[in-house]
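Survey of secondary and tertiary structure
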Amino acid sequence: MKNTNRRGFLKGVATLSALGAVKCGSAMMPSEQAAYDKYNARVVPRPEGLLDGEPVLQVPAPDSMGLAFAVTALSNGFAEVADNPEMKNPIRFMADGLPLAGIDDRVILIRMTGLKPGTQYWYRAGAAKLEHPVGYWTKPSEIVWGGVHSFTTAGVNAPSHFGMMCDTHAQFEQMSRITKKYRALSVPLVVWNGDIPNSLTNTREDFVKHYLVPPHNEGYAADTPIVLNRGNHDFRGTAANRLGEVMMPRLPSERSMRDFALDRNFAFRMGEIALIGLDTGEDKPDHHPANGGFSHFTKFRIAQAAWLKDQFKRPEIANAPYVVAFVHIPLVEPWPGANPGTLLEDYAAWQKECADLWGPVLTENRVQLVLAGHLHRYMYQAPDATRSWAEIVGGGRGRNTFQTLVEGKVEGGELVMRVHNTDAGTIAGEHRFKPRT
Ligand SMILES: [Fe+2]
Ligand SMILES: [Fe+2]
C-alpha cells in the first residue's frame, strides 16, 4: 500500500489531461496543496494493541473460509493466505465490503475465497489503523500482523473427521476444557451446536465477548474453523438478529434464491462424511408471549424441510458414505411425555415439529446419525423401526452432568463417534456406524 503523494497526484493529472479527461492542466489550488502537505506530513504511528485476541475461523466451505477478529480502533483488516508455512507468495484479502471495505472500530470480517477443496493453507490476519488527517481523507498505519496459523478447507478429499460442542452457555473456563481437547486431537473443524450465551445478547460487544475474545479460550478457533448452529438461547436479546456482524452467514452462492433466508444452514463434505446443519429455533411455540408475536419458527422449519430435501439431490451429499445432521433441540422424545415444544407451559425437551418435518427426509436418505444438544446431558438413542438414524445428545453445563466434545472420525471402514467427557478427561461412550448402502 503506497501513500499518496503530490508527485503521484500531479502525474495522474497529467495523464488524465493527456487523455482529454480534464480541460485544465493547471497545478492545484493553494488550499488543496495545503491539504496534500498536511496529509503527507502526518505519519500514522504503528498502533500498539490494535489486534484484540486471535482470529476466529468460521463458515468453512470447500472453496472459501471466513475469518473474524477484534480490533481496538478504527481499522481496515487483512488476511494473507499461502499454500506454505513460510507464507511465500501469499494472496491478500481485505475486510469484506463493496464498494467500501468493511472498516470498523471493533470487528473485522474477511472471506477468503477461491481456495482449493481439502487443502491445507497457512494464513495471518492483520489490521491497519485509520486516521483522518484532513477532513474525510483517510490514512492508514502500517499493517500490524498477527501470527501464522493454519486450516484445511472442506471437501470430499478433506479429513473424515470433525468435532461437536454444545451448550457452553458462556461458562468460559469450563468451555476451555473442550477447546483444549479438540486442539489436542487435531480435529479439523468443530460444529458449535447452539446455546452459546447464557443470558441475553443485547449489544454487539456481547457477541464479541462470546465469539472473538472468550476468556480462557485464546486462539480456540485460530486453527480450527467453527461451524455455528444456533440454539434457543441464541435467539434471545435485542441484538440476536445482529449476530452476522460478528459471526458471518454462509455465502449466498451456497444456496438458491428460494432459500435465501436460510443463511446459516449448511451441507458439505468432510472427507467421507456429509455434515448437514438444521436450525430447530426457539424452545417455545411462536404464539408464546415470550416471542412477542414477532417470531416465525414454524415457517422457518418448513422452509428448511424443502432445503433439506434438495441437499440430497447434490451428488456429493447423495453419495456420501456417512451423513450426520446437526440440530440443537433433539428430534427424538428423550423420555415418555417429554415436552415436544408445542406447549405454552415450560419449554421443549425435544422438537416434534422438526422431527415430523425433517425426520422422514433423513430416513428416506438413510442418514445414520443426528447430533443434538439442549438437554445438557449425554444420551444415545438407537435407530428403530421408524427411522434410519441414531441420535447422540451432547452434554453441557449443569449439575450432575458433564460437558462433552463429541468427536466423529472414519476409522477402519466405520464412522466412530467418541463422546469425550472433557470435565473428567475420560471417554463417556463410543458408537460405530457402517457406511450407507
Ligand atoms: Fe443449553
Ligand atoms: Fe437449548
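Residues numbered from 1 in each chain as written. Chains lettered and ligands numbered in written order. Predicted model: local features only at pLDDT ≥ 70, side-chain atom pairs only at ≥ 80, totals over all residues. Heavy atoms only, no water.

Let's talk about the sheet that holds strand 15 (residues 322-326)
Put simply, the test is: At least two bridges found by DSSP between two strands is the condition for calling them paired. Strands are runs of DSSP state E lasting at least two residues, helices are runs of H or I lasting at least four, and both sets are numbered from the N terminus onward. Inter-axis angles, ranging from 0 to 180 degrees, are taken between N-to-C directions of lines fitted to C-alpha atoms, where helices are fitted over the stretch in contact.
Spatially, the six strands line up as an open sheet ordered 13-14-15-16-18-17, and their pairing is mixed. Looking at strand neighbours, the two that pair on one side only are strand 13 (266-270) and strand 17 (379-381), the edges of this open sheet. Going from strand to strand, the sheet's axes swing by 20° on average, the running direction of each strand aside. As paired elements, strand 17 and strand 18 (residues 390-393) share three bridges and run antiparallel to each other.

So, the coordination of the iron ion (ligand 2)
Definition in use: Nitrogen, oxygen and sulfur within 2.8 Å of a metal are treated as its donors, or within 3.2 Å for sodium, potassium and calcium (Na, K, Ca); water is not counted, so a site can appear incomplete. Working rule for geometry: tetrahedral if four donors all subtend angles between 85 and 135 degrees; square planar for four, octahedral for six, if opposite donors exceed 155 degrees and the others stay between 65 and 115; irregular in every other situation.
Protein-derived ligands of the iron ion (ligand 2) are D195 (OD), N232 (OD1), H328 (NE2) and H374 (ND1), with the metal-ligand distances lying across 2.1 to 2.2 Å. Its four donor atoms give the iron ion (ligand 2) angles of 89 to 158° at the centre, a pattern that matches the irregular case. Taken as an interatomic distance, the gap from the iron ion (ligand 2) to the iron ion (ligand 1) is 3.4 Å; D195 donates to each of them. With N232 in the loop between strand 12 (226-228) and strand 13 and H374 in the loop between strand 16 (369-372) and strand 17, the pair connects residues that are 142 residues apart, well separated along the chain.

Notes on the pattern of salt bridges
Test applied: A pair is scored as a salt bridge if a Lys or Arg side-chain nitrogen falls within 4 Å of a carboxyl oxygen belonging to Asp or Glu. Relative accessible area decides the class of each residue, using a 1.4 Å probe on protein chains only: under 20% of the type maximum gives buried, over 50% gives exposed, and in between gives partly exposed.
Applying the stated criterion to the full structure yields 27 salt bridges. One salt bridge connects R204 with D104, and the closest N-O pair in it is separated by 3.0 Å. You can see R204 sitting in helix 4 (residues 204-212) and its partner D104 sitting in the loop between strand 4 (91-94) and strand 5 (107-113), a full 100 residues away along the chain. Among the residues examined, D104 registers a relative accessible area of 18% and is labelled buried. For R314, the salt bridge goes to E316, with nearest N and O atoms at 2.8 Å. You can call R314 partly exposed: its relative accessible area is 25%. Assessed through its relative accessible area of 30%, E316 is described here as partly exposed. One salt-bridge network, in which partners are shared between bridges, spans E411, E414, R418, E430, R432 and K434.

Thoughts on the pairing of strand 1 (residues 51-58)
As defined by bridge partners, strand 1 adjoins strand 2 (residues 64-71) across five bridges and the pair is classed as antiparallel. Within the sheet, the bridge partner assigned to V56 lies in strand 2 and is A68. Here strand 1 hands over to strand 2 after five residues, with V59 in that stretch at a positive phi of 40°.

Digging into the confidence of the model for the chain
Definition in use: The pLDDT score gives, residue by residue, the confidence of the prediction method on a 0 to 100 scale. Note on definitions: a residue-residue contact is assigned when non-hydrogen atoms from the two residues lie within 4.5 Å.
Taken residue by residue, the chain gives an average pLDDT of 94. The fraction at 70 or more is 94%. Overall, residues 1-23 carries pLDDT values under 50, and its contacts beyond four positions in sequence, including any with other chains, amount to 19 contacts.

Section: the nonpolar core
Using the following cut-off: Throughout, nonpolar core names a set of buried Ala, Val, Leu, Ile, Met, Phe, Trp, Tyr and Cys residues whose side chains join them through atoms within 4.5 Å.
Core analysis: the largest hydrophobic core is formed by 33 residues, its most contacted members being I276, L308, F312, L331, W358 and L362. Those elements giving two or more residues to this core turn out to be strand 14 (273-277), helix 5 (297-311), strand 15, helix 7 (352-364) and strand 16. Not counting chain neighbours up to four residues away, the residues in contact with L308 comprise I276, L278, W358, V361 and L362. Counting residues in each nonpolar core, the second largest holds 29 residues, with L109, F172, V208 and L243 among its members.

With respect to the coordination of the iron ion (ligand 1)
Protein-derived ligands of the iron ion (ligand 1) are D167 (OD), H169 (NE2), D195 (OD) and H376 (NE2), with the metal-ligand distances lying across 2.1 to 2.2 Å. Taken together, the four donor atoms coordinating the iron ion (ligand 1) span angles of 91 to 173° at the metal, a pattern that classifies the geometry as irregular. The sequence pattern formed by the donor residues of the iron ion (ligand 1) is D-x1-H-x25-D-x180-H. Assessed through its relative accessible area of 1%, H169 is described here as buried.

Re the environment of M65
Among the secondary structure elements, M65 is positioned in strand 2. Residue class for M65 comes out buried when judged on its relative accessible area of 0%. Taking C-alpha positions, M65 is 9.8 Å from R250, a pair spaced 185 residues apart along the chain. Not counting residues up to four positions away in its chain, the partners in contact with M65 are L57, Q58, V59, P60, I110, R111, M112, L115, F151, T152 and P225.

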